[in-house]
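Each chain, written out:
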Amino acid sequence: MYRINNFLDNDDVEILDSLGAYTVFQYKRDLSVTKKSAMNEYFASQMNVKLKQVICDLDKNDVTVQQGAMQWMVGDCRATTGIKGVGDLIGKGIRGAVTKESAIKPEYTGTGQIVLEPTYKHIILLDLESWGHQIILEDGFFLACDSNLKQKAIARSSFSSAVAGNEGLFNLGIQGSGVVVLESPVPKEELIEIELEDDVIKIDGNYAIAWSGGLRFTVERAGKSLIGSAASGEGLVNVYRGTGKVLMAPIL
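Residues numbered from 1 in each chain as written. Predicted model: local features only at pLDDT ≥ 70, side-chain atom pairs only at ≥ 80, totals over all residues. Heavy atoms only, no water.

**Brief notes about the state of the cysteines**
When the sulfur atoms of two cysteines share a covalent bond, that bond is a disulfide. Enumeration over the complete set of coordinates arrives at 0 disulfides. With no disulfide of its own, cysteine 77 lies closest to cysteine 56 among cysteine sulfurs, the gap being 9.8 Å. (Disulfide = S-S within 2.5 Å.)

**Observations concerning the nonpolar core**
Core analysis: the largest hydrophobic core is formed by 20 residues, its most contacted members being Ile135, Leu137, Ile174 and Val180. Setting aside residues up to four positions removed in sequence, valine 180 forms contacts with Ile124, Leu125, Leu126, Leu128, Leu137, Ala144, Cys145, Leu149 and Ile174. (Core = buried A, V, L, I, M, F, W, Y, C linked by side-chain atoms within 4.5 Å. Buried < 20%, exposed > 50% of the residue type's maximum accessible area, 1.4 Å probe, protein only. Contact = heavy atoms within 4.5 Å.)

**Concerning the environment of leucine 137**
Note on placement: leucine 137 falls in strand S10 (residues 134–137). Owing to a relative accessible area of 1%, leucine 137 belongs among the buried residues under this scheme. Taking C-alpha positions, leucine 137 is 6.3 Å from asparagine 171, a pair spaced 34 residues apart along the chain. Here leucine 137 is in contact with Phe142, Asn171, Leu172, Ile174, Val180, Leu182, Ile209 and Ala210, once residues within four sequence places are set aside. (Helix = DSSP H or I, 4+ residues; strand = E, 2+ residues; numbered from the N terminus.)

**Quick look at the pairing of strand S7 (residues 107–110)**
Of the two faces of S7, the one holding Glu107 and Thr109 and the one holding Tyr108 and Gly110 are both buried throughout. With 4 bridges connecting them, strand S6 (residues 77–80) and S7 associate as antiparallel partners. Paired with threonine 80 across the bridge in S7 is glutamate 107. (Pairing = 2+ DSSP bridges.)

**Here's the deal with the packing of aromatic side chains**
Throughout the structure, instances matching the rule amount to 7 aromatic pairs. Measuring from centroid to centroid gives 5.2 Å for phenylalanine 7 and phenylalanine 25, while their planes differ by 85°, and the two rings are edge-to-face. Residue phenylalanine 7 is located in the segment before strand S1 (13–19), and its partner phenylalanine 25 is located in strand S2 (residues 22–27); the two are separated by 18 residues in the primary sequence. With respect to burial, phenylalanine 7 and phenylalanine 25 carry one shared label: buried. The structure contains a cluster of three or more aromatic residues connected by ring pairs, namely Phe7, Phe25, Tyr27 and Trp72. Between the NZ or CZ atom of lysine 105 and the centre of the ring of phenylalanine 142, over which it lies, the distance is 5.3 Å. The ring centre of tryptophan 131 lies 4.6 Å from the NZ or CZ of lysine 245, which sits over that ring. (Phe/Tyr/Trp six-rings, centres within 6.5 Å; stacked < 30°, edge-to-face > 60°. Lys NZ or Arg CZ within 6 Å of the ring centre and 35° of its normal.)

Here's what the structure looks like:
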């Protein structure tokens, strides 16, 4: 049995969001300041630049987190590699190499709570049910997810989408029923969600941070011809076709 005092019951803490096994909270003010840093911290707080953390409740679900993201844990928590054999180890190693994500992400089981490292980035909780049970993430946005979800490397729809778009050949795809936690430089309030039904969206730049697994992603010329692209002042754009959703940041 354990009891945690002066944590979520602290009057300097406020809960921002909660979904499944995850609770997101932030500190209203940074009280650990010096005379020299007080002014900077004050104005940072006024602009909503505040430290945030995620609590993972293992009583609700086993969780998988980004390597190095755990700060502390309490209760009967057990950390594993999640590797189920030599083949799984090789597969995760290859997936990590091609997606630029950590090859082995710790999986936590048992009972108790895991608290992740504080961050000034924004935490986004997504239910995969609303994404057709499959989502594809841009590199660097994954923070945690339910351990029952399947992670795999998703190949680009065409070679051009990697070479022409100055991207890798693969993205991290997550499938199943559960919750995914993203770490984003842009707050949820500013993210744009576009729902497509047998339609297309073209984005000039890597502003899409996540999209449904059913969408086809390519990189194409902005115009139908080289002259048209030159005349429009645009070159290559990221194109998402089909039925599904795209989560887009207005600026990165």
